[in-house]
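Letter by letter, the chains look like this.
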Amino acid sequence: VVSIYGGLHVGDIKTREYSVTIDKECPDLKIALVSDLHLGYSIGEKQMEKMVDIINQQNPDIVCIAGDIFDNNFDALDNPERLEILLSQINSTYGTYAVFGNHDVTETLIAGFPISSKNAPRDPRMYEFLEKSNISVLEDETAIIDNSFYLTGRLDEKRTGNGTKKRASLDELTKNLDPSMPLFVISHEPDHLSDYNAHGVDIVLSGHTHAGQFFPLTIVQPFVWENYWGMKMIDSMYSFVTSGIGVYGPDMRVGTNSEVMVIDVHFE
């Protein structure tokens, strides 16, 4: 009974809303944050149709995808062309931006967990898929949006997807930025939060944890991560971690929800 419920519950995508205030000058923003789509073995067109519909109902200014877009094997996508069309229908003022996560590489999975080396390659078709989906990928890059705020996307620390290349440091990524402008960072894993705070980041957007996804992992996650799900404030910086849209391993959620996180950001 629990397994059947958990399998059905994956498709019940919730909307979780927050409102925060940042002491900088910028037009107010509405951010739609999603993560961990895990397109492939368990997640496909039906879940993406629901997600896109929920996002568009919110009329966001910008959409951020915090990694694990794929489930390690691009060939597991049942209909890539249809998925590209669906994702390209996401509407927002400034577009959709994404980073890659630890599952956005080609690796062998056992029970949803990768067993290959940390130097696993990224399938070039992933880049083509996202370009056709009108999704801009930030790989240790910073975009200036509407000359109003910065959006930095980080490579995943465990799986950069670039062979032995390590991701850039926060010193490198922030050294030439105007500290008076708001700085948002998309980082798949919600790690090094104090370091982000020390570098003047205003909001960190993450996923990865699935909020545990199912019991009893829901008990473990709060002890693993400083912010395993939801919002946490560190000094004047906000960390947001979404439970994600998809699943890894068993196709079920028990005690957690698939969700679209909506963040209203006010400035004063």
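Considering the sheet that holds strand β14 (residues 258-267)
Hydrogen bonds between backbone atoms are what pair the strands of a sheet, whose relative direction is either parallel or antiparallel. Reading across from one edge, β1-β14-β2-β3-β4-β7 is the order of the six strands in this open sheet, with mixed pairing throughout. Of all the strands in the sheet, just β1 (13-22) and β7 (135-137) have a single pairing partner and so form its edges. On average, each strand axis in the sheet is inclined to that of its neighbour by 25°, with strand direction left out of account. When strand β2 (residues 29-34) meets β14, the two strands line up antiparallel, connected through five bridges. Directly across from leucine 33, in β14, lies its bridge partner methionine 261. Against the sheet, helix α2 (residues 45-58) touches β1, β2, β3 (62-66) and β14, its axis set at about 35° to β1.

Structural notes on the sheet that holds strand β11 (residues 203-206)
Strand order across the open sheet formed by six strands is β8-β9-β10-β11-β13-β12, with mixed pairing between neighbours. Since the sheet does not close on itself, it has two edges, and those belong to β8 (141-145) and β12 (230-234), each with one partner. For this sheet, the mean inter-axis angle between neighbouring strands, taken without regard to orientation, is 20°. Note: strand β10 (residues 183-186) against β11, three bridges, orientation parallel.

Section: the pairing of strand β13 (residues 237-241)
Within β13, five of the five residues are buried, leaving the element largely enclosed by the surrounding structure. Of the two faces of β13, the one lined by Met237, Ser239 and Val241 and the one lined by Tyr238 and Phe240 are each fully buried. As judged from the four bridges shared by β11 and β13, these two strands associate in the parallel manner. Bridging across to β13, serine 206 finds its partner in valine 241. Of the strand pairs in this sheet, β12 and β13 are connected by five bridges, and their pairing is antiparallel. Counterpart to lysine 232 in the pairing with β13 is serine 239. Two successive antiparallel strands, β12 and β13, enclose a turn made up of two residues, where aspartate 235 displays a positive phi of approximately 55°.

Describing the pattern of salt bridges
Under the criterion given, the structure shown has eleven salt bridges. The closest approach of N and O atoms between arginine 82 and glutamate 45, which form a salt bridge, is 3.8 Å. Of this pair, arginine 82 sits in helix α3 (residues 80-88) while glutamate 45 sits in helix α2, and the two are 37 residues apart along the sequence. Judged by relative accessible area, glutamate 45 falls into the partly exposed class, the value being 23%. With its nearest N and O atoms 3.4 Å apart, the salt bridge here joins arginine 122 to glutamate 139. Separated by 17 residues along the polypeptide, arginine 122 in the loop between β6 (113-114) and α4 (124-132) and glutamate 139 in the loop between β7 and β8 bring together distant segments of the chain. Among the residues examined, arginine 122 registers a relative accessible area of 8% and is labelled buried. Residue classification places glutamate 139 among the partly exposed residues on the basis of a relative accessible area of 22%.

Here's the deal with the environment of isoleucine 31
Locating isoleucine 31 in the fold gives a position in strand β2. Since its relative accessible area comes to 1%, isoleucine 31 is described here as buried. Between the alpha carbons of isoleucine 31 and tyrosine 18 there is a distance of 9.8 Å; along the sequence they are 13 residues apart. Residues within four places of isoleucine 31 in sequence aside, it is in contact with Ile62, Cys64, Phe184, Leu205, Met261, Val262, Ile263 and Val265.

So, the packing of aromatic side chains
For the structure on display, the rule yields nine aromatic pairs. Seen from their ring centres, tyrosine 238 and phenylalanine 240 are 6.3 Å apart, and the 20° between their planes marks the pair as stacked. Here tyrosine 238 matches phenylalanine 240 in class, with each residue buried. Ring pairs connect the aromatic residues Tyr18, Tyr238 and Phe240, which therefore count as one cluster.

Rules used throughout
Residues numbered from 1 in each chain as written. Predicted model: local features only at pLDDT ≥ 70, side-chain atom pairs only at ≥ 80, totals over all residues. Heavy atoms only, no water. Pairing = 2+ DSSP bridges. Helix = DSSP H or I, 4+ residues; strand = E, 2+ residues; numbered from the N terminus. Axes fitted to C-alpha atoms, helices over the stretch in contact; angles between N-to-C directions. Contact = heavy atoms within 4.5 Å. Buried < 20%, exposed > 50% of the residue type's maximum accessible area, 1.4 Å probe, protein only. Salt bridge = Lys/Arg side-chain N within 4 Å of Asp/Glu carboxyl O. Phe/Tyr/Trp six-rings, centres within 6.5 Å; stacked < 30°, edge-to-face > 60°.

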